[in-house]
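# Summary of the model geometry
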2 protein chains.
Amino acid sequence: MVSERPFQSEEEFVRWLQKRAVGRVQGLRLGIGDDAALARVPSGREIVMTTDLSIEGVHFSTRLYTPETIGYRAIARSLSDIAAMGAVPKYALVALALSKRASRRWVESLYEGMWRLARRYRVGILGGDTARYSGKTLLDVAVIGEVARGKALLRSGAKPGDRLFVAGTLGLSAWGLELLKARARKGMAHEALRAHLYPEPQCGLGRYLAKEGLASAAIDVSDGLSTDLHRLCEASGVGARLWESRIPRPQASANGRLQARLLQFALHGGEDYRLLFTSSAAKVRRIPSSFQGIRIHQIGEVFAPRKIVLMHEDGAEQLIIPQGYDHFRKS
Amino acid sequence: MVSERPFQSEEEFVRWLQKRAVGRVQGLRLGIGDDAALARVPSGREIVMTTDLSIEGVHFSTRLYTPETIGYRAIARSLSDIAAMGAVPKYALVALALSKRASRRWVESLYEGMWRLARRYRVGILGGDTARYSGKTLLDVAVIGEVARGKALLRSGAKPGDRLFVAGTLGLSAWGLELLKARARKGMAHEALRAHLYPEPQCGLGRYLAKEGLASAAIDVSDGLSTDLHRLCEASGVGARLWESRIPRPQASANGRLQARLLQFALHGGEDYRLLFTSSAAKVRRIPSSFQGIRIHQIGEVFAPRKIVLMHEDGAEQLIIPQGYDHFRKS
């Protein structure tokens, strides 16, 4: 199990990583321990590349999160970007700037969390770079994936008349964060807490949509529906109409105030990592009603005016302004 | 030119990056602005992947370095890893955790430094992730490169009897750091300062050695000859004998003390980013005496005992212990 003796050197840490390395990753020729990792790319495939920071005090707090969830969530963020491209994640490079306060057990648990998710998707964690320093703990996870040539899902392909879909519930993660902050410990089994602590990137669905050519555009909802839909619309040069009644949000008992907040979470809350995608009217019938147990909801449609409006049941139209988290502006 | 108005949002920063993006990068289908970047990999090629942290207070100080040199050096570290694999660097993902103290001009200069080196090697900087926070500025640069299938240079192929080579002078960068710390400003044109501030990754040489199949093993000297030769020997299960008189070090006027220190810099100083490689006796004659103006020096040979010894001119043998920088242990 875990040991409390600290790592004596970078070499000892690298040896520990090598011993614990995930099993065989198809295509990988060389993982940890050389100047760089080396991998085959099957012919007919393109590579996709993304990188995501997780910073103590910005993306996580060591008081609210266990190291295992911090590691899990860091991998989830990057895998979700790969899912949104319709690609298969293959390799992760982890750069870890480690606070001097972090114990060996803490680092081992962090990696346990990363491996837990990486193993499930057969992603190889290829080491990377690690340093101890007198600052805040920070992870950067770069993931490289593969997709069949010409099949990647882009943000830029949505056209007026396309329908807008989301896979799974929105706002659960923001609600989970609220519960976590309130230390709702007896609610640990709560669906929202689970969604916040262990989000599930939708790699299978992304891959399916890409392979079948069903989506005209796609993005993952990482900073909130209002923000990520805005990004998709900007990239495509279009706008969108959302139907309030169709937006899949957490169910709450008859509590009007909570229900209103859950709609706000669904519209603006971050870290749901659900795929948001558009599909031409001709292909709508081929979109499955659910995929791997997750319901797919048609929540609106694309139109030409470059704005996002929310249609209420009483027919009222509300202009939606992006309110998602911007790590650049807010901090 | 540079503007002093701060970036208002992550989106504005991304737009600035997109406008300034390096020109066409062969193979790149999609750079900044989607969930991930997308690129073709020619058939018959493998990909290499590496990531390197540059942390304020560990790898750089904002008092000693301009943002332009910080950016340049961060890219150089990763490109040198790719060079040591004999690969061609193609794409860089930059994750930037930015201290709140950093001005817009500072960030722009940082990117100017990164682009300066990236452009020269036709490497596309694909954006990545950026956040402002209340900690120290930190960059993580992941680079993806390409190499012909089966041609990558590994650390693990050295065999007893192989000869040991290094391309260019060792210890210049450590000397340059000393001059920099001493604020030897009038010495700005000094070769050592230049080597420290603007190291040149040896991508051309790495690629040549890989293509021609000349090297049995290779590594870049980033943490000092004693440390990186130790790593190469460990990976290959061998040892090495170095000839003191052959170790290429900076020339100094007749100053015995300085000359002794320059030998120490050459043996243990970091950040030279020279390629250290081995070649079988049968191929030694095919190793050029210089490449792109850089002299290639035969500095020793590989033997079976798993130790590194330095042979002095008087015939004395000295055991060499790795003394390079270990960011894990020292900090």
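## Examining the overall build of chain A
Within chain A one finds 8 helices and 14 strands. The C-alpha atoms of chain A give a radius of gyration of 21 Å, which matches the 20 Å a tight globule of 331 residues would have. Summarising its shape, the C-alpha atoms of chain A cover approximately 65 × 50 × 35 Å along the three principal directions. Expressed as a percentage of its 331 residues, the buried residues of chain A come to 53%. Taking the intrachain contacts of chain A between residues at least 6 apart in sequence as the baseline, contacts between residues at least 24 apart amount to 83%.

## Description of unusual backbone geometry
Residues and elements named next belong to chain B. One non-glycine residue, Arg 122, lies in the positive phi region at around 55°. With respect to the helices and strands, Arg 122 occurs in the loop between helix H3 (104-120) and strand E5 (124-133). With a phi close to 65°, Glu 271 is a non-glycine residue in the positive phi region. Looking at the secondary structure, you find Glu 271 in the loop between helix H8 (256-268) and strand E10 (274-279).

## Points about the relation of the copies chain B and chain A
With an axial shift of 0.0 Å and an RMSD of 0.0 Å, the rotation relating chain B to chain A amounts to 180°. These values place the two chain copies in the arrangement generated by a two-fold rotation axis. By C-alpha distance to the rotation axis, the residue of chain B lying nearest is Ser 43 of chain B, at 2.8 Å. Counting the interface residues of chain B, we find that 100% of their copies in chain A are interface residues as well, pointing to one common contact surface.

## Some points on the interface of chain B and chain A
Contact residues are listed per partner, giving 61 residues for chain B and 61 residues for chain A. Split by residue class, the side of chain B that touches chain A holds 32 nonpolar, 13 polar and 16 charged. Looking at chain direction, strand E3 (residues 45-55) of chain A and strand E2 (residues 37-40) of chain B are connected through 4 bridges and run antiparallel. Residue pairing in the sheet places Val 48 of chain A in a bridge with Leu 38 of chain B of E2 of chain B.

## Structural notes on the environment of Phe 303 of chain A
Residues and elements named next belong to chain A. Within the secondary structure, Phe 303 is located in strand E12 (residues 294-303). The class for Phe 303 is partly exposed, based on 18 C-beta atoms found within 10 Å. Between the alpha carbons of Phe 303 and Ala 240 there is a distance of 5.4 Å; along the sequence they are 63 residues apart. Ignoring any residue separated from it by four or fewer positions in sequence, one finds Phe 303 in contact with Pro 160, Val 238, Gly 239, Ala 240 and Arg 241.

## Section: the domain arrangement of chain A
Residue and element names in this part refer to chain A. Domain boundaries in chain A define domain 1 (10-148) and domain 2 (163-319). Just the C-alpha atoms count here: the centres of domain 1 and domain 2 sit 27 Å apart. Counting from both sides, the interface comprises 18 residues of domain 1 and, opposite them, 18 residues of domain 2. Looking at the side of domain 1 that touches domain 2, the elements that each hand over two or more residues are helix H2 (67-84) and strand E4 (88-99). Examining the composition of the side of domain 1 that touches domain 2, we find that 11 residues originate from one element, H2, more than from any other. Of the residues assigned to the side of domain 1 that touches domain 2, the class counts are 12 nonpolar, 3 polar and 3 charged.

## Describing the sheet that holds strand E4 (residues 88-99) of chain B
Taken together, 6 strands build an open sheet; the order of strands is E1(A)-E2(A)-E3(B)-E6(B)-E4(B)-E5(B) and the sheet is mixed. What marks the edges here is a single partner per strand, and that holds for strand E1 (28-30) of chain A together with E5 of chain B. Going from strand to strand, the sheet's axes swing by 20° on average, the running direction of each strand aside. Note that E4 of chain B and E5 of chain B share 8 bridges and pair parallel. Within E5 of chain B, the position partnered with Ala 95 of chain B by the bridge is Asp 129 of chain B.

## What about the sheet that holds E2 of chain B?
Ordered in space as E5(A)-E4(A)-E6(A)-E3(A)-E2(B)-E1(B), the 6 strands form an open sheet in which the pairing is mixed. Taken across any chain shown, the strands that pair with only one partner, and hence form the sheet edges, are strand E5 (124-133) of chain A together with strand E1 (28-30) of chain B. Neighbour-to-neighbour, the strand axes of the sheet open up by a mean angle of 20°, direction not taken into account. With respect to the sheet, H2 of chain A is in contact with E3, E4 and strand E6 (138-148) of chain A, its orientation differing from that of E3 of chain A by roughly 145°.

## Brief notes about helix H6 (residues 203-212) of chain A
Among the residues making up H6 of chain A, those that are buried are Cys 203, Leu 205, Gly 206, Arg 207, Leu 209 and Ala 210 of chain A. Positive phi shows up at Gly 213 of chain A, right after H6 of chain A, with a value of about 65°.

## Focus: the nonpolar core
Among the nonpolar cores identified, the biggest contains 196 residues, and Val 48, Met 49 and Ala 92 of chain A together with Val 48, Met 49 and Ala 92 of chain B are the most heavily contacted of them. Other than its neighbours up to four places away in sequence, Val 48 of chain B contacts Ala 36, Ala 37 and Leu 38 of chain A together with Ile 82, Met 85, Ala 87, Gly 145, Val 147 and Ala 152 of chain B.

## Observations regarding the pairing of strand E7 (residues 163-167) of chain B
Residue and element names in this part refer to chain B. Counting buried residues in E7 gives 4 out of 5 residues, a clear majority hidden from the surface. The pairing of E7 with E10 spans 4 bridges and is antiparallel. Bridging from a neighbouring strand, Phe 165 pairs with Phe 277 of E10. With 5 bridges joining them, E7 and strand E12 (residues 294-303) adopt antiparallel strand pairing. Bridged to Leu 164 within E12 is Gly 300.

Reading the values: the criteria
Residues numbered from 1 in each chain as written. Chains lettered and ligands numbered in written order. Predicted model: local features only at pLDDT ≥ 70, side-chain atom pairs only at ≥ 80, totals over all residues. Helix = DSSP H or I, 4+ residues; strand = E, 2+ residues; numbered from the N terminus. Rg over C-alpha atoms; globule rule 2.2 N^0.38 Å. Buried ≥ 20, exposed ≤ 12 C-beta atoms within 10 Å, placed from the backbone. Contact = placed C-beta atoms within 7 Å. Least-squares fit on C-alpha atoms with pLDDT ≥ 70 in both. Nonpolar A, V, L, I, M, F, W, Y, C, P; charged D, E, K, R; others polar. Pairing = 2+ DSSP bridges. Domains from an automatic or database assignment. Axes fitted to C-alpha atoms, helices over the stretch in contact; angles between N-to-C directions. Core = buried A, V, L, I, M, F, W, Y, C linked by C-beta atoms within 7 Å.

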